[in-house]
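Here are the chains, one letter per residue:
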Amino acid sequence: MGKPEIIGSLRSTYTRVVCMACEEKGIEYVLTETLLGSSELFAVHPFGKMPLLRHGDFELYESKAIATYLDRSFPGPQLIPSDPRLAGVVEQWVSLVNTVMDVTLTRTYLLAYAAPKTTDGKPDRKAIEAVVPAVRQQIGILNEAVAETGHLAGDQFTLADINLLPILYWVRQLPEGADAFAAAPHLAAYYERHATRPSFKATTPPSGPPSRAKPS
Ligand SMILES: N[C@@H](CCC(=O)N[C@@H](CS)C(=O)NCC(=O)O)C(=O)O
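Predicted model, so just to flag it, every value in this text is computed and none were measured.

Rules used throughout
- Residues numbered from 1 in each chain as written.
- Predicted model: local features only at pLDDT ≥ 70, side-chain atom pairs only at ≥ 80, totals over all residues.
- Heavy atoms only, no water.
- Disulfide = S-S within 2.5 Å.
- Buried < 20%, exposed > 50% of the residue type's maximum accessible area, 1.4 Å probe, protein only.
- 1 Å grid on protein atoms, 1.4 Å probe; cavity = no way out; pocket = protein on both sides within 12 Å on 5 of 7 lines; lining within 4 Å.
- Points joined across faces, edges and corners; volume = space filled by probe spheres on them.
- Helix = DSSP H or I, 4+ residues; strand = E, 2+ residues; numbered from the N terminus.
- Nonpolar A, V, L, I, M, F, W, Y, C, P; charged D, E, K, R; others polar.
- Near = heavy atom within 4 Å.
- Polar contact = N/O pair within 3.5 Å; in protein donor to acceptor, adjacent residues only side chain to side chain.
- Areas by Shrake-Rupley, 256 points an atom, 1.4 Å probe, with all protein chains shown as cover.
- Sits in = over half its atoms within 2 Å of the grid points.
- Expected span 1.5 Å × (residues − 1).
- Bend = angle between axes of the 7 residues up to and from the residue.
- Pairing = 2+ DSSP bridges.
- Axes fitted to C-alpha atoms, helices over the stretch in contact; angles between N-to-C directions.
- Contact = heavy atoms within 4.5 Å.
- Right-handed = clockwise from strand over helix to strand, strands pointing away.

## Some words on the state of the cysteines
Reasoning step 1: Overall, the coordinates contain zero disulfides when judged by the stated rule.
Reasoning step 2: Free cysteine Cys19: the closest other cysteine sulfur is in Cys22, separated by 6.3 Å.
Reasoning step 3: For Cys19, a relative accessible area of 0% translates into the label buried.

Here it is in structure tokens:
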């Protein structure tokens, strides 16, 4: 069927998740870089979000769906364990991160720096100050979650960890995020350890936020 093609950008946390999933499983894949909101994305995803997957004549959108498809279709380490309880915990963390923490940490906090809605293009201090308590709270929750085993689900590296690490990559680079990390020793150690994985290194994004397609 040929190599899976991932369409997105490594600067996008969700695209990086599916690329990391490929790297962890040893899947040969092609990453086709595209702009946020490009017509290529809208041709498949109803809201024009990245990433997309193309595998032969099969197309798929939504990072969790893509990662699950890749995990089930290819050999290599299981990213979603077959044990029902562990699989449940993986789903729990992917869901919590994607529905709550991504909104706080990426869409609100990171974007207040990277794509501020200010007239002068400077970081949106009002938005940053408003979201910092939630940033601290959520970093604290994650700190507790990884304290025992250094993983989110059981004592193995799973899709739950893959799904979180690209978000932490950006958050810890920002001042308030770095402060929150300094108060979260288990999460800091978790990040340092997993950031040495070849899958994480191979998917390091270029600096700067993803570029957006011009409205047509
Ligand atoms: N639920 C989607 C979210 C994907 C998503 O939000 N991607 C962002 C980049 S990280 C995007 O494409 N945003 C487009 C936009 O903001 O117009 C998934 O898991 O794939």
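## Describing the layout of surface pockets
Reasoning step 1: Taken as a whole, the largest pocket holds about 1000 Å³ of empty space.
Reasoning step 2: Around the largest pocket, the lining comprises 38 residues; the ones closest to its centre are Leu36, Thr106, Arg107, Leu111 and Arg212.
Reasoning step 3: The set of elements that each furnish at least two residues to the lining of the largest pocket consists of α1 (13-25), α3 (63-73) and α4 (84-114).
Reasoning step 4: Ranked by the residues each element gives to the lining of the largest pocket, the list is headed by α4, at ten residues.
Reasoning step 5: Classifying every residue of the lining of the largest pocket by side-chain character gives 18 nonpolar, eleven polar and nine charged.

## Structural notes on the site of the ligand
Reasoning step 1: Near the ligand you find Ser12, Thr13, Tyr14, Leu36, Lys49, Met50, Pro51, Glu62, Ser63, Arg107 and Arg212, and these make up its full shell.
Reasoning step 2: Side-chain polar atom of Glu62 to a nitrogen atom of the ligand: 2.7 Å apart, as the coordinates give it.
Reasoning step 3: Here Ser63 contributes a side-chain N or O atom positioned 2.6 Å from an oxygen atom of the ligand.
Reasoning step 4: About the coverage of the ligand: the protein hides 81% of its 510 Å² of free accessible area.
Reasoning step 5: In this structure the site holding the ligand corresponds to the largest pocket.

## Structural notes on helix α6 (residues 159-171)
Every α-helical turn comprises 3.6 residues, leaving residues that sit three or four positions apart pointing alike.
Reasoning step 1: Compared with the 18 Å implied by 1.5 Å per residue over 13 residues, the 19 Å span of α6 between its first and last C-alpha is a close match.
Reasoning step 2: Helix geometry: α6 is bent most strongly at Leu165, by close to 25 degrees, with proline Pro166 lying one to four residues after it.
Reasoning step 3: Among the 13 residues of α6, 13 are classified as buried, and the element is accordingly described as predominantly covered.

## Quick look at the sheet that holds strand β4 (residues 58-61)
Reasoning step 1: Overall, mixed pairing links the four strands, which are arranged β2-β1-β3-β4 in an open sheet. Across the chains shown, the open sheet's two edge strands, defined by having one partner strand only, are β2 (30-33) and β4. Pairs of neighbouring strands in the sheet enclose a mean axial angle of 20 degrees, with direction left out of account.
Reasoning step 2: Here strand β3 (residues 52-55) runs beside β4; their pairing, made up of four bridges, is antiparallel. When the sheet's bridge partners are listed, His55 is paired in β4 with Phe58.
Reasoning step 3: Each of β1 (5-8) and β2 is contacted by α1, which is oriented at about 160 degrees to β1, the strand it contacts most.

## With respect to α1
Reasoning step 1: For α1, with 13 residues, the first-to-last C-alpha span of 19 Å sits near the 18 Å given by 1.5 Å per residue.
Reasoning step 2: Across the 13 residues of α1, twelve count as buried, placing the element largely inside the fold.
Reasoning step 3: Within α1, the full set of buried residues consists of Thr13, Tyr14, Thr15, Arg16, Val17, Val18, Cys19, Met20, Ala21, Cys22, Glu24 and Lys25.
Reasoning step 4: Residues of α1 that are buried sit in contact with β1, β2, α3, α4, α6 and α9 (198-201).
Reasoning step 5: Backbone geometry just after α1 places Gly26 at a positive phi near 70 degrees.

## Describing the pairing of β1
Residues in a regular strand project their side chains so that they alternate between the two faces of the sheet.
Reasoning step 1: In β1, alternate side chains face the same way, and those of Glu5 and Ile7 on one face and Ile6 and Gly8 on the other are all buried.
Reasoning step 2: Summarising the sheet, β1 and β2 pair through four bridges and their orientation is parallel. Across the sheet, Glu5 pairs through a bridge with Val30, a residue of β2.
Reasoning step 3: As a crossover connection, the stretch from β1 through α1 into β2 is right-handed.
Reasoning step 4: Note that β1 and β3 share three bridges and pair antiparallel. Within β3, the position partnered with Ile7 by the bridge is Leu52.

This is a description of form; function is not addressed.
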